[in-house]
Amino acid sequence: MSQKILLSEKKVSIILHRLSCQLIERHLDFTNTVMVGIQPRGIYLLERLVALLKEKKPSISLQTGKLDTTFFRDDFRRSEKPLAANSTEMHLSIEGKSVVLIDDVLFTGRSIRAALTAIDSYGRPKAIELLVLVDRRFSRHLPIQPDYLGAQIDALQGDRVKVVWSDKGKGDIVYLEEKETENEV
Amino acid sequence: MKTLSVSHLLGIKYLQLEDLHLIFETATHFKEVINRPIKKVPSLRDITIANLFFENSTRTKLSFELAEKRLSADVINFSAAQSSVKKGETLIDTVNNILAMKVDMVVIRHPNPGAAHFLSKHVKSCIINAGDGTHEHPTQALLDAYSLLEKWGDLKGKRIAIVGDILHSRVALSNIYALQMLGAEVRLCAPKSLLPKHIKELGVSTSYDLEQTLRWCDAANMLRVQNERMDLGYFPSTREYSQSFGLNGNLLKKLRKEIVILHPGPINRGVEITSEVADSSQAIILDQVENGVAIRMAIIYLLAAKLNIPIQ
């Protein structure tokens, strides 16, 4: 398995700033907006964006939640092991609100489909948008596209896109782990 | 992700400590699910579950049915009273006929100890024991332990008393196994006639004195006197039983400490527990019922994951 940097610290930082600006542009004071991080890895991106939004607009109060989609996935019983759940923290209603779903990597789109079903349990939102840091293009199984996009990348089927979130909030890096081909030693 | 070490839930005896932790962890997620405005997840939409109750039950049956429905499984119910069992059909035949209708899982309650175990050997389906005679009632023990864990965080070194009709109780045996596995100390308190002879071999202590037992314990599980299973007079009268082994407010006040009160239900108010105690803040009886649904969802979910993968 070889590893190379897809997005450096600096690039990730620039992208996060841009994404937060785009969010402000569309949601203004965020009174009717709920930002929902998808477990397990979308919540780190949510935390980063919340910090940036508060920095840019200290007056706003953000409504956020963490959503686990395990029990809504379509691959239960399709693998040897059951799907492990993570905690869901949705202490709010999304009735009539604009929801921004947040995840780190958009790949097949199946997690997002599960999230769209799962979010239904908390009311009927006015609209749902999708924000992702990395879009693995040309690998979608479902007709799902992001509304806010960090970067688009090309990766082969067996490759893994790994987003490493640093503890201190700075120094986040995106790696591509390439599966070694048979010709390579 | 870990999986359960078993493919059926026949009793706590067959489970490992890791299984218990996995069930509790999964149940915590399902508890959150059943507190949502829409309390349903689609995980088991391709699974059919048969609830076979050869013995009366309200709570367990409703709890199982609700757990199954909240996981989106299809459910069929069967109670022996209106069935061909009355016409002389054997247990294996009954179950095989139901399975021929493409049922994936069977929840069974039966008056004979070992019925679930027997079925698991003879039919091709996942079996969940919902109580077999005086033997085991694993889901009850799991929800009792879970309710205590929720209260305390850890059961290591905790002292738990099981009081009442131990002889006829499947709850007692399953509770002993589960609580001991989680590191708790168990004491049984009952009239001599309602304590099985060799029960001490399970590593529990026994007592015939309720007040002393209550002073010793951190939590007391008050079992119901199972009159329906009593073919002999095990004690002179209900009044005398409740005077010696019934839990009342005065007894609790005398302890000068707060113990947790559990009851597997249904309660015989005024016999093993007075209304004052059952409705007090120390009693977590209704928490047990709520947790029962979450625990059963967790068990069904984890066992369903071990069923054959449907589409290849």
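What you see is a predicted model, and the numbers here were worked out from it, not measured in a lab.

A. Just the environment of L131(A), in detail. Residues and elements named next belong to chain A. Locating L131 in the fold gives a position in strand β5 (residues 127-136). Owing to 24 C-beta atoms within 10 Å, L131 belongs among the buried residues under this scheme. Residues L131 and D104, spaced 27 residues apart in sequence, show a C-alpha to C-alpha distance of 8.3 Å.

B. Region of the structure containing the interface of chain B and chain A. Listed as interface residues are 19 residues of chain B and, on the opposing side, 17 residues of chain A. Of all the elements, helix α1 (residues 17-33) of chain B adds the most residues to the side of chain B that touches chain A, at four residues. Residues of the side of chain B that touches chain A, tallied by class, amount to 13 nonpolar, four polar and two charged.

C. Layout of helix α5 (residues 138-152) of chain B. Residues and elements named next belong to chain B. For α5, with 15 residues, the first-to-last C-alpha span of 21 Å sits near the 21 Å given by 1.5 Å per residue. For α5, the buried fraction is high: eleven of the 15 residues fall into the buried class. What α5 keeps buried is the set P138, T139, Q140, A141, L142, L143, D144, A145, Y146, S147 and L148. Packed against the buried residues of α5 are α1, β4 (126-132), α6 (170-181), β8 (219-222), β9 (260-262) and α11 (285-304). Of the residues trailing α5, G153 is marked for its positive phi of about 90 degrees.

D. Summary view of the sheet that holds strand β1 (residues 2-7) of chain A. Residues and elements named next belong to chain A. Read from one edge of the open sheet, three strands run β1-β8-β7, paired in antiparallel fashion. Of all strands in the sheet, those bounded by a partner on one side alone are β1 and β7 (160-164). Shown here is a sheet whose adjacent strand axes are inclined to one another by a mean of 30 degrees, direction ignored. With five bridges joining them, β7 and strand β8 (residues 173-178) adopt antiparallel strand pairing. Within β8, the residue paired with R160 across the bridge is E177.

E. Summary view of the sheet that holds strand β6 (residues 185-189) of chain B. All names here are of chain B. Reading across the sheet, the five strands line up as β7-β6-β5-β8-β9 and stay open at both edges, with parallel pairing between neighbours. One side of each edge strand has no neighbouring strand; the edge strands of this open sheet are β7 (205-207) and β9. Taken over all neighbouring pairs, the strand axes of this sheet differ in orientation by 25 degrees on average, direction set aside. Relative to β8, strand β5 (residues 159-163) runs parallel, the two sharing four bridges. Residue pairing across strands places V163 opposite M222, the latter belonging to β8. Taken strand by strand, α5 contacts β8 and β9, and its axis lies near 160 degrees from that of β9.

F. Inspection of the domain arrangement of chain B at higher detail. Residues and elements named next belong to chain B. Domains assigned within chain B are domain 1 (12-136 + 290-304) and domain 2 (138-289). With 22 residues of domain 1 in contact, the opposing surface of domain 2 contributes 23 residues. Counting residues per element, the side of domain 1 that touches domain 2 draws most heavily on α11, at six residues. The residue inventory of the side of domain 1 that touches domain 2, partitioned by class, reads nine nonpolar, seven polar and six charged.

Calculation rules
Residues numbered from 1 in each chain as written. Chains lettered and ligands numbered in written order. Predicted model: local features only at pLDDT ≥ 70, side-chain atom pairs only at ≥ 80, totals over all residues. Helix = DSSP H or I, 4+ residues; strand = E, 2+ residues; numbered from the N terminus. Buried ≥ 20, exposed ≤ 12 C-beta atoms within 10 Å, placed from the backbone. Contact = placed C-beta atoms within 7 Å. Nonpolar A, V, L, I, M, F, W, Y, C, P; charged D, E, K, R; others polar. Expected span 1.5 Å × (residues − 1). Pairing = 2+ DSSP bridges. Axes fitted to C-alpha atoms, helices over the stretch in contact; angles between N-to-C directions. Domains from an automatic or database assignment.

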